[in-house]
Amino acid sequence: MADYRIETVRNGERDWTARNDRGAEVRMAPADVPGSQPSFTPVELLLAALGGCGGLVVDRTARTVPHEDLRITVESVSRPEDDGRVGTFRVSYEITLPDGDTAAAEALERGIRLTHEKHCTVSRTVEHGARLEAFGPDGTMLFMGG
């Protein structure tokens, strides 16, 4: 049994919608297809997953620090030698803490470290990699990597 399941269906050429079993949807298309906007690209969804996972975990790991105004920005940086992969993910946490509140700053920093060292499944998977298996319509494995 899978931990998570997403179904992705084609709306039209280069225009897709991903749905979970709870009814949430997200549209995916290349950024340069005007008729498919608004949408996310698949890489943007990966960045959103990193930011969302980080935020959900920080909510738990830094719960002693008020962080209603926490903003997480995730950027991808790729170079030609990365060969079609994201080379680096940069996750930035932005929050204004009360001046001189070193305990809050330390708790938030600890929460952010724990997020990426231990608790965020998305971050840990990106860092360590995972096996990928692709199956054809008849159930034959067509690709396995990782």
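Keep in mind the model is a prediction, meaning the values are calculated, not measured.

Cut-off values and rules
Residues numbered from 1 in each chain as written. Predicted model: local features only at pLDDT ≥ 70, side-chain atom pairs only at ≥ 80, totals over all residues. Heavy atoms only, no water. Helix = DSSP H or I, 4+ residues; strand = E, 2+ residues; numbered from the N terminus. Rg over C-alpha atoms; globule rule 2.2 N^0.38 Å. Expected span 1.5 Å × (residues − 1). Buried < 20%, exposed > 50% of the residue type's maximum accessible area, 1.4 Å probe, protein only. Contact = heavy atoms within 4.5 Å. Disulfide = S-S within 2.5 Å.

## Observations regarding the overall build of the protein chain
Tallying secondary structure elements over the protein chain gives 3 helices and 7 strands in all. Secondary structure elements of the protein chain occur, N-terminal to C-terminal, as β-β-β-α-β-β-α-α-β-β. Relative to the compact-globule value of 15 Å for 146 residues, the protein chain shows a C-alpha radius of gyration of 18 Å, a clear excess of over 25%. Each principal axis of the C-alpha distribution contributes one length, and for the protein chain these read about 60 × 40 × 35 Å.

## Some points on helix H2 (residues 102-119)
Turn by turn, an α-helix covers 3.6 residues, leaving residues three or four places apart pointing in a common direction. With 18 residues, H2 should reach 26 Å at 1.5 Å per residue; the first-to-last C-alpha distance of 24 Å fits that figure. Listed in full, the buried residues belonging to H2 are Ala 104, Ala 107, Leu 108, Gly 111, Ile 112, Leu 114, Thr 115 and His 116. Taken together, the buried residues of H2 touch helix H1 (42-61), strand E5 (88-94) and helix H3 (121-128).

## Focus on the state of the cysteines
Tallying each qualifying case throughout the model produces 1 disulfide. Here Cys 53 is linked by a disulfide to Cys 120, with a sulfur-sulfur distance of 2.4 Å. With Cys 53 in helix H1 and Cys 120 in the loop between H2 and H3, this residue pair connects regions lying 67 residues apart in the sequence. Residue Cys 53 shares its accessibility class with Cys 120, and that shared class is buried.

## A look at the environment of Val 43
Locating Val 43 in the fold gives a position in helix H1. Counting along the chain gives 69 residues from Val 43 to Ile 112, while the straight-line C-alpha distance between them is 23 Å.

## Focus on H1
The end-to-end C-alpha distance of H1 is 28 Å, a good match for the 28 Å that 20 residues give at a rise of 1.5 Å each. All of the buried residues along H1 are Leu 47, Leu 50, Gly 51, Cys 53, Gly 54, Gly 55, Val 57, Val 58 and Thr 61. Next to the buried residues of H1 lie strand E4 (71-77), E5, H2 and H3.

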